[in-house]
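# Chain and residue survey
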Amino acid sequence: MVDYHTAGQPTYQYGGNGPGLGDYMAQEDDWDRDLLLDPAWEKQQRKTFTAWCNSHLRKAGTQIENIDEDFRDGLKLMLLLEVISGERLPKPERGKMRVHKINNVNKALDFIASKGVKLVSIGAEEIVDGNAKMTLGMIWTIILRFAIQDISVEETSAKEGLLLWCQRKTAPYKNVNVQNFHISWKDGLAFNALIHRHRPELIEYDKLRKDDPVTNLNNAFEVAEKYLDIPKMLDAEDIVNTARPDEKAIMTYVSSFYHAFSGAQKAETAANRICKVLAVNQENEHLMEDYEKLASDLLEWIQRTIPWLENRVPQKTMQEMQQKLEDFRDYRRVHKPPKVQEKCQLEINFNTLQTKLRLSNRPAFMPSEGKMVSDINNGWCHLEQAEKGYEEWLLNEIRRLERLDHLAEKFRQKASIHESWTEGKEAMLRQKDYETATLSDIKALIRKHEAFESDLAAHQDRVEQIAAIAQELNELDYYDSPSVNARCQKICDQWDSLGSLTHTRREALEKTEKQLETIDQLHLEYAKRAAPFNNWMESAMEDLQDMFIVHTIEEIEGLIAAHDQFKSTLPDADKEREAILGIQSEAQRIADYNNIKLSGNNPYTSVTPQIINSKWERVQQLVPKRDHALQDEQSKQQSNEHLRRQFASQANIVGPWIQTKMEEIGRISIEMNGTLEDQLNHLKQYERSIVDYKPNIDLLEQQHQLIQEALIFDNKHTNYTMEHIRVGWEQLLTTIARTINEVENQILTRDAKGISQEQMQEFRASFNHFDKDHGGSLGPEEFKACLISLGYDVENDRQGDAEFNRIMSVVDPNNSGVVTFQAFIDFMSRETTDTDTADQVIASFKVLAGDKNYITAEELRRELPPDQAEYCIARMAPYQGPDAIPGALDYKSFSTALYGESDL
């Protein structure tokens, strides 16, 4: 025994192991000794605690008058503890000396301490000295331990349990709203409601008035004392005249009502069981309705979006196709991400619902036709296939239109040059000037015609190029093909006409050639050399003005190299130009020297020195322009190359990061340790770290948009495309969400089945031990080895094989050939814990019905909360038994229906 006579006597604080009481005592701050200084509250406590003590002491044939004085010798204190605990205390000392009294009180305090109670600042000497505050505190602690601690209502206990019991019992009564143990009881209606709920014949509740609290309180106190054997512990006037009645006094008195009516707890327990079962069923129905709506909305969106993605009607212009591409980007950025979240949430909701149904022994949820998770996944796959095809089609169409625009411009440029060249040629070929020409004139005409034929042959390639471009535009389905074809046909018809006219004129000239002599060789030589040089200059001007399209830095560097090579030929061309001009100058010099008057320009060619010089100047002007255009394109390609490298640099970080995180999640789901809550918190922190990585994905999306806007179609610096990154990111988010959901379902299983943390860890350790490939599932042989390790008799004999086949039908009902960890946990939960069954619910209803085979709507409304009572009434079929009365309801068929056919 502890020696309470030493100078440093230990003090006690109440910290009982009962649920909720320790918290309440902490909130009361060691029975709140400061509040006992309030005279009104101290008076109420004295009367209440004295009456409570006497209600127990009278069983031993004694009582107390003054709570300060009568416990000083410790004898009645020890007797009180023996009566309320039913246990024997050590023999008291009968001496009258102070030391005897202290020893008796210490024996009582030792007994209180043995019940898990600690008394702070309360010692035996203070009780012996008659310290009122300490004595009241000690009695309050005894009341808490032996009268209030064991009160338990719906997983709450002590003060909270007592308050919940009062709220439940008084809920149907008007003007009663119990929220505490002080002000809520001042008008007396709550006391009368408690009595009327259990003994309605004792109280005429409807005649009570809220504005007459004294009458109400005295009525309740007198009825309780007379009929319920509950002594009057309070004075009505003290309660009414106190702004805030003493909470401890009210709790002590109300606890006497609780114990007096404890016999009615059987019906309440039965009602609670029914409420619990019905609440589970209602919640599951709400979850099913939410799943159906979410699935319908998602499928409707998928079915509405796929036709849009499968619409491959090409547009005529680049601007229209660019708008389509922008619309597709909006779909990717704005419309699709929320649907990805909805799909993930739908799968999580479905898994959670199925887990709850399994835990409550309900049949599995079967969605409406076409709304299974697999149906949604199939629709989603179709959507992504359409999306991928649509993007490829868009990019191909843009490439095609870009190519078409380039070809169309090239066609127009070449056609314009050719049409400019052919202008007037037909009229020239139809002239009959040779009929009146002199010999020298006809010689000139012949040679001039030969030069024209040479020029005509040089233009053959251009006509063939024009026809080839027109053919390509037709093959690529160019929207303005009719006008292109008409212009090309006109050029070809004209070209045929020129060939025919050329042939006819040559025959005419050759016919008269015999009469013609002499032609100036220098003019002829000039014409022969000037024509190809002129054609070269025209070709050079055409090439210098030719549009180009490149996609890589290597292609533009190739064009720059070709241009540099062309520029290197300009000095030789300039020499040729000077030589041609020298021929003309020489002819003029000879004519001048010989006093020959030339009739105008060179008769053999229309290419004059002025034309040659003009075109040469034009070539000289076009060269720097071409330089500038190539430099601009080189800068553009360098910028594009920078964009490629920038995107590749980020993608080569993000891609492996996503892959690493996917592998880490796989390891985490297998190697997780600690409590399920620790695992869940760890996974949620891990999920947040992944979500925090989202800015890197957004940055990559921005870089990808810049690449698409620059019409960059390939990137040799990385193997990752934006599509790969998107798919990987969505899979990463979905995988971590599913892993979290699995742990949450395990928590649901543990809490619903009462599985301890150690059991859950043992199940996880056993499962992981036989999951050799860390795939998250066990094959039949691995599962059999696991069962044997847990003590199941499934050895290879007829009886063992039959037992193993039975277990496999439970954990693998779809015959998939593997056992998941969730199925393993469900099986072990059913093997190690108990759950509500249809028979238990039927037994509970029978209690509420007073052992009848049916129940009435009035009985349901009296015993159950309003919403759940109406839920049962709406679903129960009329009772058809021989003892049926009007309004009788069949609670047996209703209970079995809650659990499906398996419990019938």
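In every chain, residue numbers begin from 1 and rise along the written sequence. Predicted model: local features are reported for residues with pLDDT of at least 70 only, side-chain atom pairs are reported and counted for 80 or more only, and whole-chain, interface and lining totals are derived from all residues. The basis for every side-chain value is the complete set of heavy atoms in the structure, and neither hydrogens nor water enter the calculation.

What follows concerns the overall build of the chain. Think of it this way: any DSSP run of H or I at least four residues long counts as a helix, any run of E at least two long counts as a strand, and we number them from the N terminus. Summing up its helical and strand segments, the chain has 33 helices and six strands in all. Relative accessibility decides the category of a residue: with a 1.4 Å probe and only protein chains considered, values under 20% of the type maximum give buried, values over 50% give exposed, and everything between is partly exposed. The 904 residues of the chain split such that 47% are buried. The contact criterion used throughout is that any non-hydrogen atoms of two residues lie within 4.5 Å. Across the chain, the fraction of contacts at a sequence separation of at least 24, relative to all contacts at a separation of at least 6, is 75%. Roughly 44,900 Å² of accessible area belongs to the chain as shown, and the carbon and sulfur atoms make up 49% of that amount. Note on areas: Shrake-Rupley, 1.4 Å probe, and residue coverage restricted to the protein chains presented here.

The next thing to look at is the side chain of Thr422. Mapped onto the elements, Thr422 comes out in helix α14 (residues 373-422). Within polar-contact distance, the side chain of Thr422 engages the backbone oxygen of Glu419 at 3.1 Å. Contact partners of Thr422, with chain neighbours within four places excluded, come to Gln494 and Leu498. Two N or O atoms count as a polar contact when they lie within 3.5 Å, although within protein this holds only if one can serve as hydrogen donor and the other as acceptor, and sequence-adjacent residues are included solely when both atoms are side-chain atoms.

Moving on: the UniProt feature "coiled-coil region" (unreviewed entry) in the chain. When the UniProt feature table is mapped onto this chain, "coiled-coil region" (unreviewed entry) is found at residues 442-476. Secondary structure across residues 442-476 comprises 94% helix and 0% strand; the distance between its end C-alpha atoms is 50 Å. UniProt positions are given in the numbering used here, feature names are shortened, and annotations may be inferred rather than shown by experiment.

We now examine the side chain of Ser895. For Ser895, the location among the structural elements is in helix α33 (residues 891-898). With near-sequence residues (within four places) excluded, Ser895 lies in contact with Ala838, Val841, Ile842 and Phe845.

Next up on the list: the packing of aromatic side chains. Geometry of aromatic contacts follows a simple scheme: Phe, Tyr and Trp rings, the Trp one being its six-membered ring, pair when their centres are within 6.5 Å, and the pair is stacked under 30 degrees between planes, edge-to-face over 60, tilted otherwise. One pass over the structure, following the stated rule, counts 28 aromatic pairs. The rings of Phe181, Trp185, Phe191, Phe221, Tyr253, Phe257 and Phe261 are connected pair by pair, giving a single aromatic cluster. Placement of a positive charge over a ring is assigned whenever Lys NZ or Arg CZ falls within 6 Å of the ring centre and within 35 degrees of the normal to the ring plane. We note Arg145 situated over the ring of Phe146; from NZ or CZ to the ring centre the distance is 5.1 Å. Here the guanidinium or amino end of Lys784 rests over the ring plane of Phe804, the centre of that ring lying 4.8 Å away.

A word on the packing of helix α27 (residues 780-789) against helix α28 (residues 798-811). Orientation is described by axes fitted as lines to C-alpha atoms, over the contacting stretch for helices, and by angles from 0 to 180 degrees between their N-to-C directions. Between α27 and α28, whose axes approach to 11 Å, the crossing angle comes to 110°. With respect to their mutual orientation, α27 and α28 come out roughly perpendicular. Every pair of crossing elements has a handedness; the one defined by α27 and α28 is right-handed. On α28, the residues that touch Pro780, Phe783, Lys784 and Leu787 of α27 are Asp801, Phe804, Ile807, Met808 and Val811. We call two directions roughly parallel when the angle between them is under 35 degrees, roughly antiparallel when it is over 145, roughly perpendicular when it lies between 65 and 115, and oblique otherwise. Should the near helix be turned anticlockwise from the far one by less than a right angle, the crossing is left-handed, and should it be turned clockwise, the crossing is right-handed.

A separate point is the pattern of salt bridges. Any Lys or Arg side-chain nitrogen found within 4 Å of a carboxyl oxygen on Asp or Glu counts as a salt bridge. Taken as a whole and judged by the stated rule, the model has 56 salt bridges. As a salt-bridge pair, Lys414 and Glu542 come within 2.3 Å of each other at their nearest N and O atoms. One end of the pair, Lys414, is in helix α14; the other, Glu542, is in helix α19 (residues 521-545), and 128 residues separate them in sequence. Residue Lys414 is classed as buried on the basis of its relative accessible area of 8%. For Arg462, the salt bridge goes to Glu542, with nearest N and O atoms at 2.9 Å. With Arg462 in helix α17 (residues 460-475) and Glu542 in helix α19, this residue pair connects regions lying 80 residues apart in the sequence. When salt bridges with common partners are traced through the structure, they connect Arg332, Lys336, Glu384, Glu387, Glu701, Glu723 and Arg726 into a single cluster.

Nine residue types can take part in a nonpolar core, namely buried Ala, Val, Leu, Ile, Met, Phe, Trp, Tyr and Cys, and a core is a set of them joined through side-chain atoms within 4.5 Å. Among the nonpolar cores identified, the biggest contains 77 residues, and Trp185 and Phe191 are the most heavily contacted of them. Per-element tally for this core: the top contributor is helix α6 (residues 132-148), with ten residues. Other than its neighbours up to four places away in sequence, Phe191 contacts Trp185, Leu217, Ala220, Phe221, Ile250, Tyr253, Val254 and Phe257. By size, the runner-up hydrophobic cluster in this structure holds 47 residues, among which are Tyr693, Ile740, Ile747 and Cys786.

Within the secondary structure layout, Gln679 lies in helix α23 (residues 676-691). Spatially, the C-alpha atom of Gln679 lies 7.5 Å from that of Val743, the residues being 64 residues apart in sequence.

Mapped onto the elements, Ser649 comes out in helix α22 (residues 609-671). Residue class for Ser649 comes out partly exposed when judged on its relative accessible area of 43%. Between the C-alpha atom of Ser649 and that of Thr718, which follows or precedes it by 69 residues, the distance is 7.9 Å.

On to helix α3 (residues 75-85). Buried within α3 we find Leu77, Met78, Leu80, Leu81, Glu82 and Ile84. Looking at the buried residues of α3, the elements they touch are α2 (39-57), α4 (98-114) and α6.

Right, let's talk about unusual backbone geometry for a bit. A positive phi angle, near 60°, is found at Asp229, a position not held by glycine. Structurally, the position occupied by Asp229 is in the loop between α9 (213-227) and α10 (236-240). The exposed category is assigned to Asp229, whose relative accessible area is 57%. We note that Asp851 has phi near 65°; this positive angle belongs to a residue other than glycine.

The disulfide definition used here is simple: a pair of cysteine sulfur atoms within 2.5 Å. Tallied over the full model, the rule gives zero disulfides. The thiol of Cys492 is unpaired, and the distance to the nearest cysteine sulfur, on Cys488, comes to 4.1 Å.

As a further point, take the confidence of the model for the chain. Note: pLDDT gives the predictor's confidence per residue, expressed from 0 to 100. Here the chain averages 81 in pLDDT, and 89% of its residues register 70 or above. In this model, residues 1-37 is a region of pLDDT below 50 whose contacts with residues beyond four sequence positions or in other chains number 84 contacts. Between residues 515-519, whose pLDDT stays under 50, and residues either more than four places distant or in other chains, the model counts 16 contacts.

Mapped onto the elements, Val811 comes out in helix α28. Owing to a relative accessible area of 6%, Val811 belongs among the buried residues under this scheme. When residues no more than four places from it in sequence are discounted, the contact partners of Val811 are Phe783, Val819, Ala823 and Phe827.

Between α2 and α3, the shortest axis-to-axis distance is 9 Å and the interhelical angle comes to 65°. When the axis of α2 is compared with that of α3, the two are roughly perpendicular. The element α2 and its partner α3 pack so that their crossing is left-handed. Facing α2, whose interface residues are Trp52, Cys53, His56 and Leu57, α3 presents Lys76, Leu79, Leu80, Val83 and Ile84. Tallied by class, the residues present in the contact of α2 with α3 amount to seven nonpolar, one polar and one charged. Three categories are distinguished: nonpolar for Ala, Val, Leu, Ile, Met, Phe, Trp, Tyr, Cys and Pro, charged for Asp, Glu, Lys and Arg, and polar for the others, with Gly belonging to the last.

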